[in-house]
Amino acid sequence: MAATISGPVSCLSRIAVVTRGARGLGLGICKQLASNGVKVVLTDKDEEKGLDAVEKLKQFPHFDITFHHLNVTDSTNISSLSEFIKTKFKKLDILVNNAAVPGGIIDREKSGILSNILTTGETYERAEECVSTIYYGTKTMTETFIPLLLSSHSPRICIPNKSIQKEIGDIDNLTEEKIDGMVRSFLSDFKEGDLRKNDWPTSLLAYIVSKVAVSAYTRLVAKRYPAICTNYIHPGFVRTEMTGNLGALSAEEAARGPVMLALLPDGSPSGLFYDQTEVSSFTQLASTGVRVILTARDEKRGLEAAEKLKQSGLSDVIFHRLDVTDSSGIASFAEFVKISFGKLDILVNCPSSHLMRRGVTIDAEILNNLNIESEKKTRSIVMDFLSNLKQNYEMGEECLKTNFYGTRDVTQALIPLLLSSNSGRIQKLRNLRSIMAATIGGPVSCLNRIAVVTGGARGLGLRICKQLASNGVKVILTDKDEEKGLDAVAKLKQFPHFDVTFHHLNVMNSTNIASLSDFIKTTFKKLDILVNNAGVAGGIIDHEKLKVFDGKIEKLGKSANPFIIGETYERAEECVSTNYYGTKTMTETFIPLLLSSQSPRIVNVTSLCGKLQYIPNQSIQKEIGDIDNLTEGKIDEMVRSFLSDFKEGNLRKNNWPTSLSAYIVSKVAVSAYTRLIAKRYPAICTNCIHPGFVRTDITGDLGTLSAEEAAKGPVMLALLPDGSPSGLFYDQTEVSSFTQLASSGVRVILTARDEKRGLEAAEKLKQSGLSDVIFHRLDVTDPSGIALFAEFVKISFGKLDILRKQILFQLPIVECRKLDAS
Ligand SMILES: NC(=O)c1ccc[n+]([C@@H]2O[C@H](COP(=O)([O-])OP(=O)(O)OC[C@H]3O[C@@H](n4cnc5c(N)ncnc54)[C@H](OP(=O)(O)O)[C@@H]3O)[C@@H](O)[C@H]2O)c1
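Residues numbered from 1 in each chain as written. Predicted model: local features only at pLDDT ≥ 70, side-chain atom pairs only at ≥ 80, totals over all residues. Heavy atoms only, no water.

(A) Inspection of the pattern of salt bridges at higher detail. Within this structure, the stated rule accounts for 21 salt bridges. Across the pair Glu708 and Lys466 runs a salt bridge whose closest N-O atoms are separated by 3.3 Å. Of this pair, Glu708 sits in helix α23 (residues 707-710) while Lys466 sits in helix α15 (residues 459-470), and the two are 242 residues apart along the sequence. Note on Glu708: relative accessible area 30%, which makes it partly exposed. You can call Lys466 partly exposed: its relative accessible area is 24%. Each of the salt bridges in this network shares a partner with another, and the network as a whole consists of Lys139, Glu176, Asp180 and Arg224. (Salt bridge = Lys/Arg side-chain N within 4 Å of Asp/Glu carboxyl O. Helix = DSSP H or I, 4+ residues; strand = E, 2+ residues; numbered from the N terminus. Buried < 20%, exposed > 50% of the residue type's maximum accessible area, 1.4 Å probe, protein only.)

(B) Layout of the site of the ligand. Every one of the 31 residues lining the ligand counts as a neighbour, but Arg458, Asp479, Tyr663, Val694 and Thr696 are closest to it. One nitrogen or oxygen atom from the main chain of Gly455 is found 3.3 Å from an oxygen atom belonging to the ligand. Residue Lys667 places a side-chain N or O atom 2.9 Å away from an oxygen atom belonging to the ligand. In isolation the ligand exposes 890 Å². Once the protein is present, 96% of that is buried. Mapped by element, the contributors of at least two residues to the shell around the ligand are α15 and α22 (661-680). Considered class by class, the residues forming the shell around the ligand number 12 nonpolar, 12 polar and 7 charged. (Near = heavy atom within 4 Å. Polar contact = N/O pair within 3.5 Å; in protein donor to acceptor, adjacent residues only side chain to side chain. Areas by Shrake-Rupley, 256 points an atom, 1.4 Å probe, with all protein chains shown as cover. Nonpolar A, V, L, I, M, F, W, Y, C, P; charged D, E, K, R; others polar.)

(C) Inspection of the nonpolar core at higher detail. In this structure, Leu527, Met586, Phe590, Ile624, Ile635, Met638 and Phe642 are the most contacted members of the largest nonpolar core, which totals 56 residues. Put simply, the parts of the chain that give this core at least two residues each are β15 (450-453), α17 (510-524), α19 (569-595), α20 (618-625), α21 (632-648) and α22. Sort the elements by how many residues they give to this core and α22 lands first, with 11 residues. Among residues more than four places away in sequence, those in contact with Ile624 are Leu612, Leu630, Lys634, Ile635, Met638, Val668, Ala672 and Phe738. Among the nonpolar cores identified, the runner-up in size contains 45 residues, and Ile179, Ala206, Tyr207 and Val212 belong to it. (Core = buried A, V, L, I, M, F, W, Y, C linked by side-chain atoms within 4.5 Å. Contact = heavy atoms within 4.5 Å.)

(D) Spotlight on unusual backbone geometry. Positive phi, close to 65 degrees, is recorded for Lys525, a residue that is not glycine. With respect to the helices and strands, the residue Lys525 is situated in the loop between α17 and β18 (529-532). Since its relative accessible area comes to 60%, Lys525 is described here as exposed. Residues other than glycine seldom take positive phi values, yet Leu660 does so here, at roughly 60 degrees. As for its position among the elements, Leu660 is in the loop between α21 and α22.

(E) Summary view of the packing of aromatic side chains. Tallied over the full model, the rule gives 14 aromatic pairs. Both rings, one in Tyr135 and one in Tyr136, keep their centres 4.8 Å apart while their planes meet at 55 degrees; by these two values the pair is tilted. Judged by centre distance (6.3 Å) and plane angle (85 degrees), the rings of Phe519 and Phe524 are edge-to-face. Through pairs of rings, three or more aromatic residues link up here, namely Tyr569, Phe642, Phe646 and Trp656. (Phe/Tyr/Trp six-rings, centres within 6.5 Å; stacked < 30°, edge-to-face > 60°.)

(F) Fine view of the pairing of strand β21 (residues 601-605). In terms of burial, β21 is a largely internal element, 5 of the 5 residues being buried. Every second residue of β21 is oriented toward a common face, with Arg601, Val603 and Val605 on one face and Ile602 and Asn604 on the other, all of them buried. Of the strand pairs in this sheet, β18 and β21 are connected by 4 bridges, and their pairing is parallel. For Val531, the partnering residue across the bridge sits in β21 and is Val603. Direction of pairing for β21 relative to strand β22 (residues 685-690): parallel, over a ladder of 5 bridges. The residue of β22 that forms the bridge with Arg601 is Cys685. (Pairing = 2+ DSSP bridges.)

(G) The sheet that holds β21, seen in detail. Reading across the sheet, the 8 strands line up as β17-β16-β15-β18-β21-β22-β25-β26 and stay open at both edges, with mixed pairing between neighbours. Single-partner strands in this sheet number two, and they are β17 (500-504) and β26 (734-736). Adjacent strand axes in the sheet meet at a mean angle of 25 degrees when their direction is disregarded. Note: β15 against β18, 3 bridges, orientation parallel. Bridge pairing in β18 places Ala451 opposite Ile529. On top of the sheet, α19 reaches β15, β18 and β21; it is set at about 180 degrees to β18, its chief contact. Those strands touched by α22 are β21, β22 and β25 (729-731), and its axis lies near 160 degrees from that of β22. (Axes fitted to C-alpha atoms, helices over the stretch in contact; angles between N-to-C directions.)

(H) Quick peek at the packing of α19 against α21. Where α19 meets α21, the closest approach of the two axes is 10 Å, and the angle between their N-to-C directions is 170 degrees. Between α19 and α21, the angle falls in the class roughly antiparallel. Mapping the contact onto sequence places Tyr569, Ala572, Glu573, Val576, Tyr580, Tyr581, Lys584 and Glu588 in α19 and Glu632, Ile635, Asp636, Val639, Phe642, Leu643, Phe646 and Lys647 in α21. The residue inventory of the contact of α19 with α21, partitioned by class, reads 10 nonpolar, no polar and 6 charged. (Parallel < 35°, antiparallel > 145°, perpendicular 65-115°, else oblique.)

(I) Up close: the packing of helix α2 (residues 24-35) against helix α9 (residues 251-262). At a closest axis distance of 8 Å, the pairing of α2 and α9 adopts a crossing angle of 60 degrees. In this view, α2 runs oblique relative to α9, as classed from their interaxial angle. Along this stretch, α2 crosses α9, giving a crossing that reads as right-handed. Seen from α2, the contacting residues are Gly24, Leu25, Gly28, Ile29, Lys31, Gln32 and Leu33; seen from α9, they are Ala251, Glu252, Ala254, Ala255, Arg256, Pro258, Val259 and Ala262. Considered class by class, the residues forming the contact of α2 with α9 number 9 nonpolar, 3 polar and 3 charged. (Left-handed = near helix turned anticlockwise from the far one by under 90°.)

(J) Spotlight on the environment of Glu588. Tracing the backbone through its elements, the reader meets Glu588 in helix α19. On the basis of relative accessibility, which here comes to 41%, the residue Glu588 falls in the partly exposed class. Each C-alpha atom, one on Glu588 and one on Ile677, is 9.5 Å from the other, the two residues being 89 residues apart in sequence. Beyond its immediate stretch of four places on either side in the chain, Glu588 contacts Glu632 and Tyr673.

(K) Molecular detail of α17. The end-to-end C-alpha distance of α17, which contains 15 residues, comes to 21 Å, matching closely the 21 Å that a straight helix rising 1.5 Å per residue would cover. Listing the buried residues of α17 in full gives Asn512, Ile513, Leu516, Ser517 and Ile520. Down the axis of α17, the smallest arc covering the buried residues is 135 degrees, so these residues share one side. When the buried face of α17 is taken as reference, the exposed residues oriented beyond 90 degrees from it are Thr511, Lys521 and Thr522. Its buried side turned inward, α17 meets β15, β16 (474-479), β17 and α19. At the exit of α17 stands Lys525, carrying a positive phi of roughly 65 degrees. (Expected span 1.5 Å × (residues − 1). Arc of directions from axis to C-beta.)

(L) Fine view of α21. When the terminal C-alpha atoms of α21 are compared, their 24 Å separation across 17 residues agrees well with the 24 Å that a helix rising 1.5 Å per residue should span. The inward-facing, buried residues of α21 contact α19, α20 and α22. Following α21 by one or two positions, Gly649 has its phi on the positive side, about 75 degrees.

(M) Here's a closer look at the environment of Val238. Relative to the helices and strands, Val238 resides in the loop between β8 (229-234) and α9. Considered as a pair, Val238 and Glu252 are 14 residues apart in the sequence and their alpha carbons are 9.2 Å apart.

This is the structure in structure tokens:
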């Protein structure tokens, strides 16, 4: 049962509508949804191509695909599709808003080299069409289909998105009118020729504005309809017609992201921006602790500009003189960066020849994608450019020297330093606003960042310390064992650039915690990163038995080899005190210091066991899962009543887990507490993480990951860019869900030898909330009966997702135990 709950949403009887499904990414999405068993309504404005596509897909015999004509800018088309879906299916489960036009004509030659200047002919009419298709099309489709989506058990909307522009980032105060207003004023500025003046993007313009509008609208819909899991996605740079078949990914590969979102498990987060299959951020705010080195040829103007940036909120700006046409100046600037910082994270090329303002420019983006070996291609761009400039050769030459060769030389000089960065990037720049956008897009600088890691002397904690230090973070490695802690620090200090200090800390000891807090306050006056990692298992692990566990939580059942023994009351108390109260006291104590940081992060190391579903007690699931009404008192009360039931021998009676019980309860408390803190302190990016099944002492060195590999997740969360989502549960580096409730649309076939008992059991399961259960008689000792049953599954569903040999597990769901279905 645990397997069914945490598994993917069943695709049986799920209906999806995909817009512009006849070609490219849309076609890839239709194909992959159909191969997952989803009934797909492939729509396109081109009837012939649509019918053709469906015909081709129907070659796969188990695909269930229908074509429906749809132009997303035509409201009559949309209502006719909605009528069709309503009559035929009475609900819609998945809506993929994929239709888009580029708002101009793709220049195939340029799109190989320039990621931005790939459209020409961006007329007002095309801009209007682009906005109508991408933004208003998505909006009208969503509005029309919301009633049908609300009739689904697990509705999903996902929207492929291509561009992140920070325009409408304030989700708390966002309204539809604001988005519409942005779109309207863009179109009116376009008509009046005021695009440049009013700081709109000036290339791919309608495309960018409409995609930003879609992204913002998605967040709004996610907030307004919590029952519909609504996310948006940048599918990658994809080889489709729109990109002139250039790009890093095939449509098939790129379809994986949207399909993943369409099939997300219930309880998954909504309103997020995905960059391919990873969560990214729509709003990345300024003053993130990124240090900006502003350069200019003219010292006076440069200093003035730096001052202005500071006033506008970018606190950490320094000026350095640089003439990009002077090669010795470039070399000495590179030397300065090397000596001062040892690395460079972001290079923004914006050489400002006065010619740029007259519209004569080669964009610095050329170098972003420039394959340095490909001299021939480079030369042809340069020649093209020159041939357009015959009338004023000198100006052209100066412009080229500054904008192109200058950019190239600076880039080449700084490439070694960019390679020393964890995430080096080169960006293009047009104006002050995009400086902000560019710098904020990068990772938070690790310079002068202070981290505290608990339980840092060994295992996962030690590797987290190591990786943070290698990113340039000052690490305070803490542990309750002084000798081991000092030993660990001595070893890490072998890396000369690591800045690691030991501090003694038992997370169960409040005097220890206060003394650490005093030390951090006096020495650094702030804390940037708190990693609550210290943990104990609450019993003795039987490593022989653990071998069969193999990282799969569903193997935890009684009959499947309990690998933990000696779970005494004292150990349960220690486990809860370390894992939950340790995390809580640390967090409470350090919040004031975290609030003094510009980019504070809390990372709580939880476990897969820290998912709510592993506490079978339904009323606890409801109470602790309800983030809107969650309080610290409720979490503490859960922990208290667990300990009291443990003492009184009432674990089974009151529906607690009975194996790994203290570990599960303490980790669930940590996960819930994470959500609470994230909500209470929006300025602190707080997330929790299951690091994977890791080879450390706690697992007797068994596991699928080394501690070094597993540390990547917590470190990623510690270094998340500003504006990243908070309050999430990560399963390694991917977002997962803390609350995954039963009846997720998974169809369960319950089998038993005895028909009467089987039917009764199925009925009881239905009453307990698992709506989609059917019974089939099966005697597992009868081979012909087994063959018949297999035939039944094949004919009815064509596939099987999960096979549970025994459903009697004491751990995950209590109803099974009550039923005693043997
Ligand atoms: N390994 C896995 O597969 C796995 C899976 C899911 C979650 N986790 C979680 O990952 C975290 C790290 O575990 P691990 O695998 O690295 O286990 P580990 O090798 O046993 O390390 C546990 C660390 O926690 C420290 N610790 C325990 N009680 C403490 C206390 N009262 N105060 C301060 N430090 C204390 C230990 O310090 P001493 O050296 O002084 O004993 C040790 O450094 C734990 O929260 C665990 O629950 C691990």
